[in-house]
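Here is what each chain is made of, one letter per residue.
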Amino acid sequence: MAVAGIGGFADLHHLALSKLEEENAVHVVAACDPALEALAAQCEAHRFGSRGVAAYKDFETMLALHARELDAIAISSPIPFHREHHSMSVGLGLACYLEKPPTLDPEELEDMIATDLPAAQPTAVGFNHISQPWRLRLKERVLAGEFGRIVEVGFSGFWRRPIGYFARNGWAGKLMFGDKILLDSCCGNAMSHYLHNMLFHAGTGGLWDWAHPVEVAAELYRSNDIESPDTIFARGTLEGGTQFRIAATHACETRLRQREIIRCAEALIEIPEDGCGTISRRGEIIERFPAASLPPPDLLRENLREYLAFLAGERSRPSSTLADCRAFVSLNARLYLASSCIHRIDDAHLSLLAADDFGGITLIIPGIEQTCEDFMTDGMLPSERGSAWAREGSARPFSGEIAPDLLRQQISRLQACAREAPPRHLDKIRKA
Ligand SMILES: NC(=O)c1ccc[n+]([C@@H]2O[C@H](COP(=O)([O-])OP(=O)(O)OC[C@H]3O[C@@H](n4cnc5c(N)ncnc54)[C@H](O)[C@@H]3O)[C@@H](O)[C@H]2O)c1
């Protein structure tokens, strides 16, 4: 196997793969990263020398020199390179484990699905949670009708991210990367796993069905000086009439808290981050179920192990294929099509969390957690609720097809709206 990427999240791929190598489950022969010169410590930590992992700066060179001895590749390069790396790998007959999100451009996703069709093994997309045995069992129970008709699904996520998170590379917080549609955001990237989970649970056409969005209303906000939103509220309708609500933010005091919700006619299922799921009927918990997620390095190792088992013919399918990502990529694009602007929150409504234990100064919207919880309860967007920082008229439901160029034109409008905003002066923002 080879790996695209050495630093960033790819570091965890190398950690996971070196563990799997100790079990003789895989052998890594090469890795590449354009920042190779700055990554000597990582190469050393992963013992590239003694394990015989050849390191390159360039993806093409790595494949040219090693493709013949490779069966598979793990692609953990930045999102804008996924299509190119996927297409070159499939073209050389390599099986791909591709980090999520495969792309956030619906048209590019269709191209990638078409590229994947002739592949001997379908590409696996590294969404973290779909294969959790408890999650699959839960979906089977919902599909069997044990809790009545599915009525609503939801996700609320508070994942604090410091200002430095958006400056860590050349693509974080961007809507475009050159002429490529990127749409990096709290929903498109960090918490994308949970939107993909939400659509999975709402897919009523069978276990491996993800519900597509039909109508989407959204309000997008940014606290950080970025193009894209770091705070998103959305509601709408999915195929089959199931309603959905999403409230996600990086601009929060809470370091990490989230909740997945599946509301059926006769029960409410909640999956919080503490790994203890509950099923309630008429306000009373009637069942608790283990819904734990492994910590990131172990989770990735288990996902890669599953993928290797699939390649060995021991599993019937990867837990998320490229085609399975259509619903998520479509929902993410519709968040932008439903929004007239990505509203910049005024300095007066922000606080600075200094000396953050999670890597530096963070811009937060004080009380955003309560606004999100209220939205999850009554579905009122911040502008409808009259939140001091909200902007009226920002929600405009989108329910059409995504015509070619529509998204691109909308992104141009959103970028123009972002350019109008004055730069932030952190010294004018009060300390939390
Ligand atoms: N599964 C998860 O839980 C999880 C968590 C974090 C990130 N990710 C995903 O991992 C991918 C990488 O994200 P990141 O935040 O680590 O990105 P990043 O910008 O930090 O880049 C990761 C590494 O790739 C290298 N790189 C840049 N261009 C490259 C190229 N052309 N070829 C090979 N390597 C290249 C960078 O130098 C860096 O060392 C994204 O798809 C991201 O969404 C997944």
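Note that the structure is a prediction, hence the values are computed from the model and not measured.

Peer 1: What am I meant to see in the domain arrangement of the chain here?
Peer 2: By convention, interface size is frequently given as the accessible area that disappears when the constituent parts associate. Under the domain assignment, the chain is made up of domain 1 (2-100) and domain 2 (139-260 + 318-431). A C-alpha centroid distance of 31 Å is found between domain 1 and domain 2. Between domain 1 and domain 2, the contact holds four residues from the first and eight residues from the second. Looking at side-chain class alone, the side of domain 1 that touches domain 2 contains three nonpolar, no polar and one charged residues.

Peer 1: Is there a simple way to explain the packing of helix α9 (residues 192-202) against helix α11 (residues 326-337) in this structure?
Peer 2: Helix packing for two helices is described by the angle between their axes and how far apart those axes are. Interhelical geometry of α9 versus α11 gives an angle of 115° and a closest axis separation of 9 Å. Taken as a pair, α9 and α11 cross one another with a handedness that is right-handed. Contacts between α9 and α11 involve Ser192, Leu195, His196 and Leu199 on the former and, on the latter, Ala327, Phe328 and Leu331.

Peer 1: Teacher, can you tell me more about the site of the ligand here?
Peer 2: Taken together, 23 residues are adjacent to the ligand, and Gly5, Gly7, Gly8, Phe9 and Asn169 come closest. Counted by class, the shell around the ligand contains 11 nonpolar, nine polar and three charged residues.

Peer 1: Please clarify how the sheet that holds strand β1 (residues 2-4) should be interpreted in this entry.
Peer 2: Each strand in a sheet pairs with its neighbour through backbone hydrogen bonds, running either in the same direction (parallel) or in the opposite one (antiparallel). Ordered by their spatial adjacency, six strands build an open sheet running β3-β2-β1-β4-β5-β6, and the pairing between neighbours is parallel. If you trace the sheet from one side to the other, it starts and ends with β3 (54-56) and β6 (124-125), each paired once. Where strand β2 (residues 30-32) meets β3, three bridges bridge the pair, whose relative direction is parallel. Bridging across to β3, Ala31 finds its partner in Ala55. Of the strands in this sheet, β1, β2 and β3 touch helix α4 (residues 59-66), which is tilted by about 165° from β2. Across the sheet, helix α10 (residues 296-311) lies against β4 (72-75), β5 (95-98) and β6, angled at about 160° from β5, the strand it touches most.

Peer 1: Would you mind going over helix α6 (residues 106-116) with me for this structure?
Peer 2: Because an α-helix completes one turn every 3.6 residues, residues spaced three or four positions apart along the sequence face the same direction. Those residues of α6 lying buried are Leu109, Met112 and Asp116. One face of α6 carries all of its buried residues, which in axial projection span an arc of 60°. In this fold, the buried residues of α6 make contact with α5 (82-91) and α11.

Peer 1: Would you take a moment to explain the sheet that holds strand β10 (residues 213-222) for this structure?
Peer 2: One open sheet holds the nine strands; their spatial order is β16-β15-β14-β13-β7-β12-β11-β10-β17, and the pairing between them is mixed. The outermost strands of the open sheet, each flanked by one partner alone, are β16 (284-290) and β17 (342-344). This sheet shows a mean twist of 15° between the axes of neighbouring strands, independent of strand direction. Bridge count for strand β11 (residues 231-238) against strand β12 (residues 243-249) is seven bridges, and the pairing is antiparallel. Bridging across to β12, Arg235 finds its partner in Arg245.

Peer 1: I keep staring at the pairing of β5 and nothing clicks. Help me out?
Peer 2: Strand residues, when the strand is regular, have side chains that alternate between the two faces of the sheet. Side-chain alternation along β5 places Ala95 and Tyr97 on one buried face and Cys96 and Leu98 on a second face that is also buried. Bridge count for β4 against β5 is four bridges, and the pairing is parallel. What sits directly across from Ala74, in β5, is Tyr97. The pairing of β5 with β6 spans two bridges and is parallel.

Reading guide: rules and limits
In this convention, every chain numbers its residues from 1, walking through the sequence in written order. The predicted nature of this model means local features are confined to residues of pLDDT at least 70 and side-chain atom pairs, given and counted, to a pLDDT of 80 or more, with totals for whole chains, interfaces and linings taken over all residues. Segmentation of the chain into domains, including their bounds, is taken from an automatic or database domain assignment. Here the contact rule is simple: place C-beta atoms from the backbone, and any two residues whose C-beta atoms are within 7 Å are in contact. In this classification, Asp, Glu, Lys and Arg are treated as charged, Ala, Val, Leu, Ile, Met, Phe, Trp, Tyr, Cys and Pro as nonpolar, and every other residue, Gly included, as polar. The axes are straight lines fitted to the C-alpha atoms, using for helices just the contacting stretch, and the angles between their N-to-C directions are given from 0 to 180°. Under the DSSP-based scheme used, a helix requires at least four consecutive residues in state H or I and a strand at least two consecutive residues in state E, with every element numbered from the N terminus. Left-handed describes a crossing whose near helix is turned anticlockwise from the far helix by less than a right angle; the clockwise case is right-handed. Nearness here has a simple definition: the residue's C-beta atom, placed using the backbone, must lie within 6 Å of the molecule or strand. Note on pairing: DSSP must find at least two bridges between two strands before they are called paired. Around each residue's C-beta, the other C-beta atoms within 10 Å are counted; 20 or more make the residue buried, 12 or fewer make it exposed, and counts in between make it partly exposed. All C-beta atoms are placed from the backbone. Our arc is simply the arc of the directions from the helix axis toward the C-beta atoms.

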